[in-house]
Amino acid sequence: MPEIRPEIRTFLCRSDNIGVLMRDPETGACAAIDVPEAAAVLRALDETGWRLTDILVTHRHGDHVEGIPEVKARTGARVTAPARAGSAVPQVDATVHEGDVVTVGSLAATVWETPGHCDDHVTYWFEAAGVAFAGDTLFTLGCGRVLEGPPQVLWRSLSRFLPLPDETVIYSGHDYVLSNTRFGLAAEPGNRNLADRAALAEKARAEGRFLVPTTLGEEKATNPFLRATEPALARAVGMEPGADPAAVFTALREWKNRF
């Protein structure tokens, strides 16, 4: 069980970005994971009454960083960003590489470099809290589009999540759950766990909710991109069971691009 239980608020930004605030109840320190939209983040801060101390950036894309200047001007929050992002992230105070540790009050995260969606992408793994902020690397029932580097790079990044405890809570940067369920069912129509999650996703959308966060155990059972070792997924892309998982993943990702 997690030693520390942070308070976490999720909310929609833009059209499908997920905004996240995480507060350390011991110290009151609070972090935003990316700032896709300043107004939404500031509204969430007003609603919670939390004081923003940190902004943790997962990657340099505009839909994750464009709200930083306004939010920093209002709050004075310290901006931490991947070193590989260079000057693409505005107003950075600290940069991080693989293996660095960042803190939000008494909460500590190890930085994983998780390229594939883009070269500078990082994940923040708060081990004691049992929480990972995966940005656009790992989505509920999906994964990020490969924009830089070969697909095998993203497969290696995704594979890093597999040894974590099944109860690990994973926050992603977008709500693509409904489109991901449709693709997942096309790739693995016999997966009853996936069919149940698809129904849950439809119900959540009808109620104005979204299936973020998720857990690693749920993803291992239903996310085709984490299931590239499964014979059914190999067959779905015309390969024999036991095929190289990186090759199966590559074929699945290319299929999803066209889906």
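Residues numbered from 1 in each chain as written. Predicted model: local features only at pLDDT ≥ 70, side-chain atom pairs only at ≥ 80, totals over all residues. Heavy atoms only, no water.

1. Section: the sheet that holds strand β13 (residues 169-172)
Argument step 1. Within the open sheet, the 6 strands sit side by side as β7-β8-β9-β10-β13-β14. Their pairing is mixed. Where the open sheet ends on each side, the last strands, each with one partner, are β7 (101-104) and β14 (214-215).
Argument step 2. With 4 bridges joining them, strand β8 (residues 107-113) and strand β9 (residues 122-126) adopt antiparallel strand pairing. In the sheet register, Val111 faces β9, and the bridge partner there is Tyr124. (Pairing = 2+ DSSP bridges. Helix = DSSP H or I, 4+ residues; strand = E, 2+ residues; numbered from the N terminus.)

2. Considerations on empty space enclosed by the protein
Argument step 1. Under the criterion given, the structure shown has 2 cavities of 30 Å³ or more.
Argument step 2. Considered as a void within the structure, the largest cavity measures approximately 70 Å³ in volume.
Argument step 3. What lines the largest cavity is Ile18, Val20, Ile33, Asp34, His64, Phe133, Ala134, Gly135, Tyr171, Ser172 and Gly173.
Argument step 4. Elements represented by at least two residues in the lining of the largest cavity include exactly β2 (17-23), β10 (131-135) and β13.
Argument step 5. With 3 residues, β10 is the largest single contributor of residues to the lining of the largest cavity.
Argument step 6. A breakdown of the residues in the lining of the largest cavity according to their chemical character gives 6 nonpolar, 4 polar and 1 charged.
Argument step 7. Approximately 50 Å³ is the volume found for the second largest cavity.
Argument step 8. Contributing to the lining of the second largest cavity are Asp175, Val177, Leu178, Ala201, Ala204, Arg205, Arg209, Phe210 and Leu211.
Argument step 9. For the lining of the second largest cavity, the secondary structure elements donating two or more residues are α5 (177-187) and α6 (192-206). (1 Å grid on protein atoms, 1.4 Å probe; cavity = no way out; pocket = protein on both sides within 12 Å on 5 of 7 lines; lining within 4 Å. Points joined across faces, edges and corners; volume = space filled by probe spheres on them. Nonpolar A, V, L, I, M, F, W, Y, C, P; charged D, E, K, R; others polar.)

3. A word on the pattern of salt bridges
Argument step 1. Scanning all chains against the criterion turns up 16 salt bridges.
Argument step 2. We note a salt bridge from Asp196 to Arg192, for which the minimum N-O separation is 3.9 Å. Taken as a pair, Asp196 and Arg192 lie in helix α6 at a separation of 4 residues, close to a single helical turn.
Argument step 3. Residue Arg192 is classed as exposed on the basis of its relative accessible area, which comes to 58%.
Argument step 4. In this structure, Glu219 engages Arg197 in a salt bridge whose closest nitrogen and oxygen atoms are separated by 2.7 Å. One end of the pair, Glu219, is in helix α7 (residues 216-222); the other, Arg197, is in helix α6, with 22 residues separating them in the sequence. For the residue pair Glu219 and Arg197, the accessibility class agrees, reading buried in each case. (Salt bridge = Lys/Arg side-chain N within 4 Å of Asp/Glu carboxyl O. Buried < 20%, exposed > 50% of the residue type's maximum accessible area, 1.4 Å probe, protein only.)

4. Digging into the layout of surface pockets
Argument step 1. One number sums up the size of the second largest pocket: a volume of about 170 Å³.
Argument step 2. Forming the boundary of the second largest pocket are His117, Asp136, Phe139, Cys143, Gly144, Arg145, His174, Tyr176, Asn180, Arg253 and Lys256.
Argument step 3. Among the residues forming the lining of the second largest pocket, the class breakdown is 3 nonpolar, 4 polar and 4 charged.

5. Notes on unusual backbone geometry
Argument step 1. With an omega dihedral of 15 degrees, the bond running from Val212 to Pro213 counts as a cis peptide bond.
Argument step 2. Considering the arrangement of structural elements, one finds Pro213 in the loop between α6 and β14.
Argument step 3. The residue Gln91 is not glycine, and still its phi comes out positive at about 55 degrees.
Argument step 4. Along the chain, the position of Gln91 falls in the loop between β5 (78-82) and β6 (94-96).
Argument step 5. Here the phi dihedral of Leu141 falls at roughly 65 degrees; this positive angle occurs in a residue that is not glycine.
Argument step 6. Mapped onto the elements, Leu141 comes out in the loop between β11 (138-139) and β12 (142-143).

6. Points about the packing of helix α1 (residues 38-48) against helix α3 (residues 68-75)
Argument step 1. Between α1 and α3, whose axes approach to 8 Å, the crossing angle comes to 30 degrees. The two elements α1 and α3 meet at a crossing, and its hand is right-handed. Contact with α1, carried on its side by Ala38, Val41, Leu42 and Leu45, involves Glu70, Val71, Arg74 and Thr75 of α3 and no other residues of that element.
Argument step 2. For the contact of α1 with α3, the per-class residue count stands at 5 nonpolar, 1 polar and 2 charged. (Axes fitted to C-alpha atoms, helices over the stretch in contact; angles between N-to-C directions. Left-handed = near helix turned anticlockwise from the far one by under 90°. Contact = heavy atoms within 4.5 Å.)

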